[in-house]
Amino acid sequence: MWQKIGELVLRYRLPLLIILFAVTGVMGYYASKVKMSYEFAKSIPIDNPKYKEYLAFKQKFGEDGNLLAIGFQTDKLFTPEQFNRLAKFHDTLKRISGVSDVLSVVSAINLVKNDSTEKLQTKLIFPRPITSQSELDSCRDIFLSLPFYKGLMYNPDTKAYLVGVRIENDVINKKRRDTVVAAIENTAAAFEAESKLELRYSGLPHIRNNLMTRIGAEMKWFLLGSIIFSAVILFIFFRSFSTTVLSLAVVIIGVIYSLGTIYLFGFQITLLTALIPPLIVVIGIPNCIYFLNKYHTSYIHRSNKMEALVEMVRKMGIVTLFCNIAAAIGFAVFALTKSAVLKEFGIVAGINIMALFIISLILLPAALSYLPVPKQKHTRYLQNRWLAATLKRVELWVFGHTKFVYALTIAIVIFSITGILRLRSEGFIVDDLPKTDKVYTDLKFFEQHFKGIMPLEILIDTRKKNGFTGSRALPIFEKIDSFSQYIASQPEMARPLSLAEGLKFAKQGFYDGDSNNYSMPNAFDGAFVADYLRAPKNNQGGEGASFQKLMSAFMDSNRQVTRISINMADIGSKRLPLMLDSLQKKANTFFDSTKYDVQLTGTSVTFLEGSRFIISGLKESIFWAFLLISLCMLYLFKSFRILICSLIPNIIPLLLTAGVMGWVGIAIKPSTVLVFSVALGIAIDITIRFLVNYKQEMPHYRNDVRETVMHTIRQTGISIIYTSLVLIAGFIIFVFSGFGGTQALGWLTSLTLLSATITNLVLLPVLLLTTDRKKNK
């Protein structure tokens, strides 16, 4: 069959090339329209209860992750010159299009009782501009006497201050966010230069924007780097400019197809899908090497270009097909998970790895038929002395040191299992950034001075409309206050913000700003408080408007549900569920479950749920990859003996990689567990190429396993070593990433491929010889 396919490709080479380039042009058009994703990773299925709760929360109260925090430390803020600079900075931020609000010391308000109406009025604490030190000192004393702001806008112990910039909800997940965040940070940079303060940035808008900017930049550099690196290696191997350009054409067309596929499926470029173009380059080059290697060896034997090309397709067509199927399975199994971000990665990668096979099958024979025949210098690599010596050593180990090979294999397995027992599963929101990265260090600044910046929301539902209306709601708010005090006592959580804090602030204002009265209103204060807790009248303004604005931010329109907003540290997926569980149990002691519903949600909860889904999905994908690849191997070789022999050399490299992760201290998390399915799909290529050649050569050596194994090592060893070097070098490029997960993908996959090359060249032949002897006994 494959001989006929080779003849057909050569017979219709011109129309096939025209069709290929026409489709490439169309896919190139679609590729030019692909866009970056500006949403947080869609790792949770849309039908997940936690995700539904989060969407319901956003519908009621808006985004919880739209605050960009700017922090600094100084003990000289309350000087007229410096404070006026901060005021100017604050006002400039407010004028930026896309910014909905700015919170800082400058905008702090006080609640002042109007003696004539006995109502509270809002009043800015700091007038504009500050004209004297005495005026500023007086305002500062008022500000510091208000416990409401302590821990939220400033830390009195460390002299740290926070400026919170809220970005409009319809901007936060769109491309315009880049422009808004850039404008904020440019304005902050000007203030930093003028004030001589070191500014710190954090919050989800800053983190997301920073990550997406880096992803876009890295995708371009890694794609360019992988192409250049591959070109250099190909030229060193083949000493032919035309062969190098032809191989690069295969992978560049593959990259165009992958980007076009992303657009056609309605996907966008995420941290994962950004890896696909350079992966296509890395995976596509071995296709070219194997085809070209067979073409060169066939031409040496036949001295006829067209016959050599047909022989190339006949021998390598089925091998490359099943290698690409195995690699595609390694990626495509991610589409079986429930995580949207993994589904996208699996679908696009799986489809385009198979597209690479079709591109190679058409372009390489057709183009080579138009090119001159290979010269002697182009095939000189086949007589490489170093490779010949290496393969001689391989033969020595296979035929002369069988017991030692098994002993070493057992030792590696024991070492690996011991390391696996040390593995831990833990992830963080900024897990993939180096500990020295400014995004990471700035986040730690906010955790140190304000206990964190990651949002967590707790919803209290009274199960009835107007459940938070009037003085009868006071006992509920007292429970909320008690619960909030428990939360604030946790070292990883900042003092929560809720309507209870607003009521305490209002009571302090009602008692002429006395900080001793910053406490929950009691029955005596009920009449005063009841006015502020009643449902607002139409077009209510004036004195109650500010408090009503606060209520609308922390209570739904039916006055049935209120929220407790918490900023917390990025404590990781291991500790977070314990923390959430303790909060839920404590909430149940305050709120009777027969009367109230208490719900924990927000970005921190969805992050945890997303991490769980990704890790469990990736573990499932490894199982499916093994199962499907095993079925392919069984179909291809129709022998359980060969199936077992083929799987063992690929399981051991995976065990070794997992063991090294355990010994080195690399945790199982979404970005590292990805390695196993990817590496399995690529490493099994070596096994397929070896065993197909072994099966093809068996009849030529009268089914003598020993002679066939020896010849297979010599015939396939060169191309296996070359392609392994290309794959390892291609993945090593990812080590230069700024993301820990991408770095791990690079060196862990390279380690897996290196060990898989050794096990397939040494252990696989030993297994074939051993099982054959047992079979013949």
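Predicted model, so just to flag it, every value in this text is computed and none were measured.

*Asks:* What exactly am I supposed to notice about the overall build of the protein here?
*Replies:* In terms of helices and strands, the protein carries 24 helices and 10 strands. If you line up the protein on its principal axes, its C-alpha atoms span 110 × 55 × 45 Å. Within the span of the protein, comprising 777 residues, buried residues form 58% of the whole. Counted over contacts in the protein with a minimum sequence separation of 6, partners at least 24 positions apart contribute 79%. Carbon and sulfur atoms make up 60% of the accessible area of the protein, which amounts to about 32800 Å² in all. Separation of charge centres in the protein, based on 85 positive and 57 negative side chains, amounts to 12 Å.

*Asks:* Where do I start with the packing of helix α4 (residues 80-94) against helix α6 (residues 176-195) in this structure?
*Replies:* When two helices pack together, you describe them by how their axes are tilted relative to each other and by the distance separating the axes. At a closest axis distance of 10 Å, the pairing of α4 and α6 adopts a crossing angle of 170 degrees. In this view, α4 runs roughly antiparallel relative to α6, as classed from their interaxial angle. Each of Q82, R85, L86, K88, F89, T92 and L93 in α4 lies in contact with α6, whose residues at this interface are I184, T187, A188, F191, E194 and S195.

*Asks:* For this particular structure, what's the right way to read the nonpolar core?
*Replies:* Among soluble globular proteins, nonpolar side chains are generally buried collectively. By size, the foremost hydrophobic cluster in this structure holds 206 residues, and its most contacted members are F331, I458, I460, F477, I480, I688 and L691. Of all the elements, helix α11 (residues 340-370) adds the most residues to this core, at 17 residues. Setting aside anything within four residues of it in sequence, one finds L691 in contact with M633, F637, I642, S646, L764 and L768. By size, the runner-up hydrophobic cluster in this structure holds 47 residues, among which are L68, I96, F126 and F148.

*Asks:* Just to check I follow, could you spell out the sheet that holds strand β10 (residues 597-601) for this structure?
*Replies:* The strands making up a sheet associate through backbone hydrogen bonding, with each pair oriented either parallel or antiparallel. In space, the 3 strands of this open sheet follow the order β9-β8-β10, with antiparallel pairing throughout. Of all the strands in the sheet, the pair left with one neighbour each is β9 (561-568) and β10. This sheet shows a mean twist of 20 degrees between the axes of neighbouring strands, independent of strand direction. As paired strands, strand β8 (residues 454-461) and β10 are joined by 5 bridges and run antiparallel to one another. Bridged to L459 within β10 is Q599.

*Asks:* Looking at this structure, how should I read a nonpolar patch on the surface?
*Replies:* A contiguous nonpolar surface patch, about 660 Å² in accessible area, is contributed by F415, W663, V664, I732, V735, F736 and W747. Tracing the chain through its elements places I732 in helix α23 (residues 705-732). We classify I732 as partly exposed; its relative accessible area is 34%.

*Asks:* Where do I start with unusual backbone geometry in this structure?
*Replies:* Excluding glycine, a negative phi dihedral is what most residues carry, and trans is how most peptide bonds are arranged. Following R128, the chain continues into P129 via a peptide bond in cis, with omega recorded as -20 degrees. Here P129 is to be found in the loop between β4 (119-124) and α5 (133-144). The phi torsion at K159 lies on the positive side, around 55 degrees, for a residue other than glycine. Position of K159 relative to the elements: it lies in the loop between β5 (154-155) and β6 (160-167). Residue K159 is classed as partly exposed on the basis of its relative accessible area of 37%. For N466, which is not glycine, the phi torsion reads 60 degrees and is therefore positive. For N466, the location among the structural elements is in the loop between β8 and α15 (474-488).

*Asks:* Would you take a moment to explain the packing of helix α7 (residues 204-238) against helix α9 (residues 276-302) for this structure?
*Replies:* The N-to-C vectors of α7 and α9 enclose an angle of 15 degrees; their axes lie 9 Å apart at closest approach. The angle between α7 and α9 places the two elements in the roughly parallel class. Along this stretch, α7 crosses α9, giving a crossing that reads as right-handed. Seen from α7, the contacting residues are M219, F222, L223, S226, I227, S230, L234, F237 and F238; seen from α9, they are P277, P278, V281, I285, I289, L292 and H296.

*Asks:* Quick question: what am I supposed to make of the pattern of salt bridges here?
*Replies:* Opposite charge on two side chains lets them pair, provided their charged atoms get close. Using the criterion set out here, one finds 19 salt bridges in the structure. For R140, the salt bridge is made with D141, and the minimal N-O distance between the two is 3.4 Å. Judged by relative accessible area, R140 falls into the partly exposed class, the value being 24%. The closest approach of N and O atoms between E501 and R495, which form a salt bridge, is 2.7 Å. Residue classification places E501 among the buried residues on the basis of a relative accessible area of 3%. In the salt-bridge network here, residues are joined through shared partners; they are E198, R200, K438 and D442.

*Asks:* Which parts of the structure should I look at to understand a positive patch on the surface?
*Replies:* Residues R239, K375, K377 and R380 make up a contiguous surface patch of positive charge. Considering the arrangement of structural elements, one finds K375 in the loop between α11 and α12 (385-400). For K375, a relative accessible area of 54% gives the class exposed.

*Asks:* I tried to follow the confidence of the model for the protein on my own but got confused; where do I start?
*Replies:* Note that predicted coordinates carrying low pLDDT should not be read in detail. Predicted confidence across the protein gives a mean pLDDT of 84, with 94% of residues reaching 70 or more. The lowest-confidence element of the protein is helix α17 (residues 526-533), averaging 58 in pLDDT; the highest-confidence one is α4, averaging 95. Segment residues 538-546: pLDDT under 50, and 8 contacts once partners within four positions in sequence are set aside and those in other chains are kept.

*Asks:* Any chance you could explain α15 here in plain terms?
*Replies:* Residues that lie three or four places apart on an α-helix share one face, since the helix turns once every 3.6 residues. Taking 1.5 Å of rise per residue, the 15 residues of α15 would be expected to cover 21 Å, and the 21 Å separating its terminal C-alpha atoms lies within 8% of that figure. When α15 is considered as a whole, its buried residues turn out to be L474, I476, F477, I480, D481, F483, S484 and I487.

*Asks:* For this particular structure, what's the right way to read the environment of F483?
*Replies:* When you line up the elements, F483 lands in helix α15. The spacing of F483 and L764 is 281 residues in sequence and 63 Å in space, taken between C-alpha atoms.

*Asks:* Where do I start with helix α21 (residues 640-664) in this structure?
*Replies:* The end-to-end C-alpha distance of α21 is 36 Å, a good match for the 36 Å that 25 residues give at a rise of 1.5 Å each. Within two residues after α21, G665 carries a phi angle of roughly 95 degrees, on the positive side.

*Asks:* Would you explain the state of the cysteines in this entry?
*Replies:* In a disulfide, the sulfur atoms of two cysteines are covalently bonded to one another. Within the structure shown, the criterion is met by 0 disulfides. Cysteine C288 remains unbridged, with the sulfur of C323 as its closest cysteine sulfur at 13 Å. A residue is classified by how much of its surface remains accessible, and C288, at 0% relative accessible area, is buried. In this structure C645 is not part of a disulfide, and its nearest cysteine sulfur, from C323, lies 18 Å away.

*Asks:* Help me understand the packing of aromatic side chains in this model?
*Replies:* Aromatic ring pairs are described here by two measures, namely the spacing of the ring centres and the angle between the planes. Throughout the structure, instances matching the rule amount to 32 aromatic pairs. Ring centres of F83 and F126 lie 4.6 Å apart, and the angle between their planes is 40 degrees; on these two criteria the pair is classed as tilted. Of this pair, F83 sits in helix α4 while F126 sits in the loop between β4 and α5, and the two are 43 residues apart along the sequence. Here F83 falls in the buried class, since its relative accessible area comes to 1%.

*Asks:* I tried to follow the environment of F734 on my own but got confused; where do I start?
*Replies:* Following the sequence through the fold, F734 ends up in the loop between α23 and α24 (740-776). The sequence separation of F734 and R393 amounts to 341 residues, and the corresponding C-alpha distance is 31 Å. Here F734 is in contact with F222, L275, P278, L279, T742, Q743 and G746, once residues within four sequence places are set aside.

*Asks:* Even after reading the chapter, I still don't get the side chain of S416, so can you show me in this structure?
*Replies:* In this structure, S416 sits in helix α13 (residues 402-420). Polar contacts involving the side chain of S416 include one to the main-chain amide nitrogen of L656, which spans 3.4 Å. If sequence neighbours within four positions are ignored, S416 has contacts with L655, L656 and G659.

Conventions and cut-offs
The numbering scheme is per chain: residues are counted from 1 as the chain's sequence reads. In keeping with the predicted nature of the model, local features appear solely for residues at pLDDT of at least 70, side-chain atom pairs appear and are counted solely at 80 or more, and the whole-chain, interface and lining totals rest on all residues. Working from all heavy atoms in the structure, the side-chain values ignore hydrogens and water. The numbering of helices and of strands both runs from the N terminus, where a helix is a DSSP run of H or I of at least 4 residues and a strand a run of E of at least 2. The buried label applies to any residue whose accessible area, calculated with a 1.4 Å probe on protein chains only, is under 20% of its type's maximum; exposed applies above 50%, and partly exposed to all values in between. Every residue pair with non-hydrogen atoms within 4.5 Å of one another is taken to be in contact. Per-residue and other accessible areas were derived by the Shrake-Rupley procedure at a 1.4 Å probe size, with only the shown protein chains allowed to occlude residues. His is not counted, nor are the chain ends; Lys and Arg add positive charge and Asp and Glu add negative charge. A charge is said to be at NZ when it belongs to Lys, at CZ for Arg, at CG for Asp and at CD for Glu. Working convention: axes come from line fits to C-alpha atoms, limited for helices to the stretch in contact. Angles between N-to-C directions cover 0 to 180 degrees. In these notes the angle categories are as follows: under 35 degrees is roughly parallel, over 145 is roughly antiparallel, 65 to 115 is roughly perpendicular, and the rest is oblique. Take the buried Ala, Val, Leu, Ile, Met, Phe, Trp, Tyr and Cys residues and link them wherever side-chain atoms come within 4.5 Å; each set so joined is a nonpolar core. At least two bridges found by DSSP between two strands is the condition for calling them paired. Patch building starts from residues that exceed 30% relative accessible area and form no salt bridge, then joins like charges within 9 Å and nonpolar side chains (Val, Leu, Ile, Met, Phe, Trp, Tyr) within 5 Å. Salt bridges, as used here, are contacts in which a Lys or Arg side-chain nitrogen is within 4 Å of a carboxyl oxygen on Asp or Glu. Left-handed describes a crossing whose near helix is turned anticlockwise from the far helix by less than a right angle; the clockwise case is right-handed. Confidence of the predictor at the level of single residues is captured by pLDDT, which takes values from 0 to 100. Every helix has an expected span of 1.5 Å times one less than the residues it contains. We call a pair of cysteine sulfur atoms a disulfide whenever their separation is within 2.5 Å. Only rings of Phe, Tyr and Trp enter the pairing, Trp through its six-membered ring, and a pair is recorded when the two centres are within 6.5 Å. The plane angle decides the type: under 30 degrees is stacked, over 60 is edge-to-face, the rest tilted. As used in this structure description, the phrase polar contact means that two N or O atoms lie within 3.5 Å; if the pair is within protein, one of them must be able to donate a hydrogen and the other to accept it, and residues adjacent in sequence are counted only when both atoms belong to side chains.

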